[in-house]
Amino acid sequence: MTGRFAGQVAVVTGAASGIGAATVRGLLAEGALVVGGDLQPDEARDGYTPVRCDVTVEAEVEKLVRTAVEAHGRLDLAFNVAGAARSAPIVDQTEEDWDFTVDLVLKGVFLSIKHQARAMTEGGAIVNVSSLNAHVPMHFGSAYASGKAGAEMLTKNAALELGPRGIRVNAVLPGLVDTPLTAGLTASEVLADDFLDAIVLGRPGRPDEIAAAMLFLAGPEASYITGTSLVVDGGWEITGYPDLRKLRR
Ligand SMILES: NC(=O)c1ccc[n+]([C@@H]2O[C@H](COP(=O)([O-])OP(=O)(O)OC[C@H]3O[C@@H](n4cnc5c(N)ncnc54)[C@H](O)[C@@H]3O)[C@@H](O)[C@H]2O)c1
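Right, let's walk through the structure included here. (Residues numbered from 1 in each chain as written. Predicted model: local features only at pLDDT ≥ 70, side-chain atom pairs only at ≥ 80, totals over all residues. Heavy atoms only, no water.)

### Some points on the overall build of the protein
Step number 1: Counting its regular elements, the protein contains seven helices and seven strands.
Step number 2: Taken over C-alpha atoms, the radius of gyration comes to 18 Å for the protein, in line with the 18 Å a tight globule of 249 residues would show.
Step number 3: Looking at the protein alone, contacts between residues at least 24 apart form 68% of all its contacts between residues at least 6 apart.
Step number 4: When the accessible surface of the protein is summed, it comes to about 12,500 Å², and 56% of that surface belongs to carbon and sulfur atoms.
Step number 5: Once the 21 positive and 31 negative side-chain charges of the protein are each reduced to a mean point, those two points are 5 Å apart. (Helix = DSSP H or I, 4+ residues; strand = E, 2+ residues; numbered from the N terminus. Rg over C-alpha atoms; globule rule 2.2 N^0.38 Å. Contact = heavy atoms within 4.5 Å. Areas by Shrake-Rupley, 256 points an atom, 1.4 Å probe, with all protein chains shown as cover. Lys, Arg positive; Asp, Glu negative; His and termini not counted. Charge placed at Lys NZ, Arg CZ, Asp CG, Glu CD.)

### Some remarks on the site of the ligand
Step number 1: With respect to spatial proximity, 26 residues lie near the ligand, and among them Ser 17, Asp 38, Tyr 144, Val 177 and Thr 179 are the closest.
Step number 2: Asp 54 has a polar side-chain atom sitting 2.9 Å from a nitrogen atom of the ligand.
Step number 3: Taking Tyr 144, its side chain carries an N or O atom lying 2.6 Å from an oxygen atom of the ligand.
Step number 4: Against a free-state accessible area of 830 Å², the protein chains account for coverage of 92% of the ligand.
Step number 5: Those elements that place two or more of their residues in the shell around the ligand are α1 (18-29) and α4 (142-162).
Step number 6: Of the residues belonging to the shell around the ligand, the class tally is 14 nonpolar, nine polar and three charged. (Near = heavy atom within 4 Å. Polar contact = N/O pair within 3.5 Å; in protein donor to acceptor, adjacent residues only side chain to side chain. Nonpolar A, V, L, I, M, F, W, Y, C, P; charged D, E, K, R; others polar.)

### Some words on unusual backbone geometry
Step number 1: The phi dihedral of Phe 140 is positive, around 70°, even though this residue is not glycine.
Step number 2: By the secondary structure assignment, Phe 140 is in the loop between β5 (124-129) and α4.

### A few points about the packing of helix α3 (residues 95-119) against α4
Step number 1: Orientation of α3 relative to α4, taken along the N-to-C sense of each, is 15°, at an axis distance of 8 Å. Comparing their axes, α4 and α3 come out roughly parallel. Judged by the twist between their axes, the crossing of α3 over α4 is right-handed. Of α4, the residues touching α3 (which contributes Trp 98, Thr 101, Val 102, Val 105, Leu 106, Val 109, Phe 110, Ile 113 and Ala 117) are Ser 142, Ala 143, Tyr 144, Ser 146, Gly 147, Lys 148, Gly 150, Ala 151, Leu 154, Ala 158 and Leu 162.
Step number 2: Partitioned by chemical class, the residues of the contact of α3 with α4 number 14 nonpolar, five polar and one charged. (Axes fitted to C-alpha atoms, helices over the stretch in contact; angles between N-to-C directions. Parallel < 35°, antiparallel > 145°, perpendicular 65-115°, else oblique. Left-handed = near helix turned anticlockwise from the far one by under 90°.)

### Some details on the packing of aromatic side chains
Step number 1: This structure, assessed with the given rule, holds one aromatic pair.
Step number 2: One Lys or Arg, Arg 45, reaches over the ring of Tyr 48 and ends 4.7 Å from the middle of that ring.
Step number 3: Cation over ring: Arg 86 sits above Phe 100, and NZ or CZ is 3.8 Å from the ring centre. (Phe/Tyr/Trp six-rings, centres within 6.5 Å; stacked < 30°, edge-to-face > 60°. Lys NZ or Arg CZ within 6 Å of the ring centre and 35° of its normal.)

### Notes on the nonpolar core
Step number 1: In terms of nonpolar packing, the biggest core is built from 29 residues, with Leu 75, Ile 113, Ile 126, Leu 162, Ile 167 and Val 169 touching the most fellow members.
Step number 2: Where this core is concerned, the elements lending two or more residues are β1 (9-13), α2 (58-72), α3, α4 and β6 (167-174).
Step number 3: With seven residues, α3 is the single largest residue contributor to this core.
Step number 4: Setting aside residues up to four positions removed in sequence, Val 169 forms contacts with Ile 126, Asn 128, Thr 155, Ala 158, Ala 159, Leu 162, Thr 226, Gly 227 and Thr 228.
Step number 5: Within the second largest apolar cluster, 25 residues are counted, among which are Val 34, Leu 77, Ala 125 and Val 127. (Core = buried A, V, L, I, M, F, W, Y, C linked by side-chain atoms within 4.5 Å. Buried < 20%, exposed > 50% of the residue type's maximum accessible area, 1.4 Å probe, protein only.)

### A word on the environment of Ile 210
Step number 1: Note on placement: Ile 210 falls in helix α7 (residues 207-218).
Step number 2: Put simply, Ile 210 and Val 172 are 38 residues apart on the chain and 7.8 Å apart in space, counted from C-alpha to C-alpha.
Step number 3: In this view, Ile 210 contacts Ile 19, Val 172, Pro 174, Val 177 and Val 232; residues no more than four positions away in its chain are not counted.

### Some details on the sheet that holds strand β7 (residues 229-232)
Step number 1: Spatially, the seven strands line up as an open sheet ordered β3-β2-β1-β4-β5-β6-β7, and their pairing is parallel. The open sheet has two free edges, formed respectively by β3 (48-52) and β7, since each of these has just one partner strand. Between one strand axis and the next, the sheet turns by 15° as a mean value, whatever way the strands run.
Step number 2: In terms of strand pairing, strand β2 (residues 33-38) meets β3 through five bridges, oriented parallel. By the bridge assignment, Val 35 is partnered in β3 with Thr 49.
Step number 3: Across the sheet, α2 lies against β1, β2 and β3, angled at about 160° from β2, the strand it touches most.
Step number 4: Seen against the sheet, α4 touches β5, β6 and β7 and runs at an angle of roughly 165° to β6. (Pairing = 2+ DSSP bridges.)

Below you can see the structure in the form of structure tokens.
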């Protein structure tokens, strides 16, 4: 087997769709053995074992990691991708929907790191998917953006604690990516021009473009990178200033 991850064992959460599925494809193409956790697990295939796992339930996260170690004898890599949101204005948001969202995007990452790091007895690399919303608020997104900001800080804390054990921990912060999660946004005619104006590269990202950044952070080229955040947003974060080109038109 050849590739950057030949013979390495990886766990991916949220593995059945979008960015997680693209991460699984990338890992398999580069020689890794992959165990994927999802609420709705996808099909097993060569080198890939799907497991039903809710990342907000500790026993299920523990089982996901145990499956990888029992099947392949070790754990080297982990990608914490599972996520979703229940969105509403703060004044209307129910406690239940707040807890659902923050538990998924923050506690789920905590539980995942906890059990993945315990299993990485010979070092390893963990990549968490946060969001551009960790830096940029959005309407109706208080629970999601706050949870994602928490996940970015959790990444730094984990890097601090786990570095001495040879485990690097980093975060990817995607902007708008074309997946089932964002179908309501990317298909919206009302918002289309706003997105095109805001995203320097003029289009949403593809899941494989986010996976590529995650594999970079997990791989040998990133051997001296830990505790950092990589924004992968087509230049969206840098467009907050008024467009001064209007002065010259
Ligand atoms: N798509 C974007 O524009 C975008 C932007 C920034 C960040 N993100 C983040 O990227 C990650 C992946 O999102 P996506 O766009 O690929 O979405 P997606 O809906 O295509 O995939 C998310 C996957 O996570 C799974 N999942 C949901 N809750 C789970 C749980 N409790 N336990 C285990 N699995 C669970 C879903 O079943 C699904 O397969 C999420 O964390 C999301 O917040 C996405």
